[in-house]
Amino acid sequence: MNKPLLAALSALAIAGLGATPAVAAPQAKTAKAVTVTYAGTVSLSNCSGSVIRFPNSADSDPALVMTNGHCLETGFPDPGEVITGQSSSRSFGLLSASGSRIGTLRANQVVYSTMTDTDVTIYRLTTTYAAIKSSYGISPLTVQNTHPTTGTAIKVVSGYWKRTYSCNVDGFVYRLKEGGWTWKDSMRYTSACNTIGGTSGSPVIDTATGNVVAVNNTGNEDGESCTENNPCEVDESGNVTVRKGINYAEETYQIPACFTTGNKLNLSASGCTLPKP
């Protein structure tokens, strides 16, 4: 995993110009990329994260922070474990567009956390989106509710390191296995996104829309197969592929369907496919 920084360190101790037509002709329009900054990202004690909203969230809703399941302050959730409604007082450093820490946000609940099928923790904050905007001028990042596509230009934005990685979506993995955990339909980066420990939980942002399409979580460090820090890819036929030095994220498009009015979690909502306790 692109583990929490302390866990990663512990593991190491034991991560064109052409001719103008004579006749004026319509020119093809190129999609203008969104300027991706650190605004909306947060730093945790040992991980990265982001303040997120869903397409139907309201400004008056309690704000949410997303990071990895393996960044949960009480430890890695076991395979098959789903945590909901757990009290929390975790704090987050809110970053400006340039990456400066401009405020502290605090959680009062772990709304959802798991390392099964995906690797995500979502915290509820003690404040609203509107209050964050009023105090700091920062808006949340929107979680896209549709599946990303291969070839999409992305940026992985680490609030912990104040570092941004730029690459493309290389493809999707049927099953990604690491130690006792298995993740479904994981996103594989092209090699330029060489993320490290402490980047865990970073939002993966589509540069064309500015929306969050995944949450950064792991990479194969040593070329081992299916061991901790060395995830392997498993296809529908059970064939295993190891890609040393390649990193991965877990898609987030399925999460919005599980949240209803007021940013309330409803795992029984229509279209919600997240694992249940």
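Treat the numbers as computed from the prediction; the structure is a model and nothing was measured. (Residues numbered from 1 in each chain as written. Predicted model: local features only at pLDDT ≥ 70, side-chain atom pairs only at ≥ 80, totals over all residues. Heavy atoms only, no water.)

1. Brief notes about the overall build of the protein chain
Moving on, step 1. Counting its secondary structure elements, the protein chain contains 2 helices and 18 strands.
Moving on, step 2. Across the 277 residues in the protein chain, those meeting the buried criterion constitute 49%.
Moving on, step 3. For the protein chain, the exposed surface amounts to about 12,000 Å²; the carbon and sulfur share of it is 50%. (Helix = DSSP H or I, 4+ residues; strand = E, 2+ residues; numbered from the N terminus. Buried < 20%, exposed > 50% of the residue type's maximum accessible area, 1.4 Å probe, protein only. Areas by Shrake-Rupley, 256 points an atom, 1.4 Å probe, with all protein chains shown as cover.)

2. A few points about the nonpolar core
Moving on, step 1. The biggest cluster of nonpolar side chains holds 44 residues, and the ones touching the most others in it are V51 and F92.
Moving on, step 2. Sorting elements by how many residues they give to this core places strand β6 (residues 101–114) first, with 5 residues.
Moving on, step 3. Once you skip the residues sitting within four places of it in the chain, V51 turns out to touch G40, V42, A63, L64, V65, L94, L105, Y129, I132, P140 and L141.
Moving on, step 4. Within the second largest apolar cluster, 12 residues are counted, among which are V156, Y165, C167 and C193. (Core = buried A, V, L, I, M, F, W, Y, C linked by side-chain atoms within 4.5 Å. Contact = heavy atoms within 4.5 Å.)

3. Describing the packing of aromatic side chains
Moving on, step 1. In total, this model carries 4 aromatic pairs according to the counting rule given.
Moving on, step 2. Relative to W181, the ring of F76 lies with its centre 5.8 Å away and its plane at 70°, an arrangement referred to as edge-to-face. Taken together, the positions of F76 in the loop between β3 (62–67) and β4 (82–87) and W181 in strand β11 (residues 181–189) put the pair 105 residues apart, joining distant regions of the chain.
Moving on, step 3. When its relative accessible area of 26% is taken as the criterion, F76 is described as partly exposed.
Moving on, step 4. Classification of W181 by relative accessible area gives buried; the value is 9%.
Moving on, step 5. Directly above the ring of Y129 sits R53, whose terminal nitrogen or CZ lies 5.5 Å from the centroid. (Phe/Tyr/Trp six-rings, centres within 6.5 Å; stacked < 30°, edge-to-face > 60°. Lys NZ or Arg CZ within 6 Å of the ring centre and 35° of its normal.)

4. Quick look at the side chain of N217
Moving on, step 1. Along the chain, the position of N217 falls in strand β13 (residues 212–219).
Moving on, step 2. When sequence neighbours within four positions are dropped, the list of residues in contact with N217 reads M1, N2, N68, H70, D119, W183, S200, Y248, A249 and E250.

5. A word on the side chain of S202
Moving on, step 1. Mapped onto the elements of the fold, S202 is located in the loop between β11 and β12 (203–206).
Moving on, step 2. Judged by its relative accessible area of 0%, S202 falls in the buried class.
Moving on, step 3. Of note is the side chain of S202, whose polar atom sits 3.5 Å from the backbone oxygen of V157.
Moving on, step 4. Polar side-chain contacts of S202 include one of 2.6 Å to the backbone oxygen of T199.
Moving on, step 5. In this structure S202 touches S48, V156, V157, S158, A214, V215 and N216, once residues within four positions along its chain are discounted. (Polar contact = N/O pair within 3.5 Å; in protein donor to acceptor, adjacent residues only side chain to side chain.)

6. Section: the state of the cysteines
Moving on, step 1. Applying the stated criterion across every chain yields a total of 4 disulfides.
Moving on, step 2. What pairs with C47 in a disulfide is C71, and their sulfur atoms sit 2.1 Å apart. Sign of the S-S torsion, about -85° for the bond between C47 and C71, identifies this disulfide as left-handed. Taken together, the positions of C47 in the loop between β1 (41–43) and β2 (48–53) and C71 in the loop between β3 and β4 put the pair 24 residues apart, joining distant regions of the chain.
Moving on, step 3. In the protein chain, the cysteines engaged in disulfides, taken in order along the sequence, are linked 1-2, 3-4, 5-6, 7-8. (Disulfide = S-S within 2.5 Å.)

7. Notes on the pairing of strand β7 (residues 120–128)
Moving on, step 1. Judged from the 5 bridges that link them, β3 and β7 form a sheet pairing that is antiparallel. Opposite V65, over in β7, you have Y123 as the bridge partner.
Moving on, step 2. Here 6 bridges tie β6 to β7, and the two strands are oriented antiparallel to one another. Bridge assignment links Y112 to a residue of β7, and that residue is I122.
Moving on, step 3. The turn linking β6 back onto β7 is made up of 5 residues, and D117 within it adopts a positive phi angle of 70°. (Pairing = 2+ DSSP bridges.)

8. Remarks on the pairing of β12
Moving on, step 1. Of the two faces of β12, the one carrying P203 and I205 and the one carrying V204 and D206 are both buried.
Moving on, step 2. Pairing between strand β9 (residues 153–158) and β12: 3 bridges, direction antiparallel. Looking at β12, one finds that I154 is bridged to D206.
Moving on, step 3. Following β12, the chain reverses through 5 residues before pairing antiparallel with β13; G210 in that reversal takes a positive phi of roughly 80°.

9. A short note on the environment of V36
Moving on, step 1. Mapped onto the fold, V36 is located in the loop between α1 (5–13) and β1.
Moving on, step 2. It is 7.8 Å that separates the C-alpha atoms of V36 and I205, two residues lying 169 residues apart in sequence.
Moving on, step 3. Aside from chain neighbours lying at most four places away, what touches V36 is K155, V157, I205 and T207.

10. Quick word on the pattern of salt bridges
Moving on, step 1. Applying the stated criterion across every chain, the model contains 6 salt bridges.
Moving on, step 2. A salt bridge links K184 to D117; the nearest nitrogen and oxygen atoms lie 3.7 Å apart. Of the two residues, K184 sits in strand β11 while D117 sits in the loop between β6 and β7, which places them 67 residues apart along the sequence.
Moving on, step 3. K184 gets classed as partly exposed once you look at its relative accessible area, which sits at 39%.
Moving on, step 4. Of the charged contacts in the structure, one is a salt bridge between R188 and D170, with a shortest N-O distance of 2.8 Å. One end of the pair, R188, is in strand β11; the other, D170, is in strand β10 (residues 163–178), and 18 residues separate them in sequence. (Salt bridge = Lys/Arg side-chain N within 4 Å of Asp/Glu carboxyl O.)

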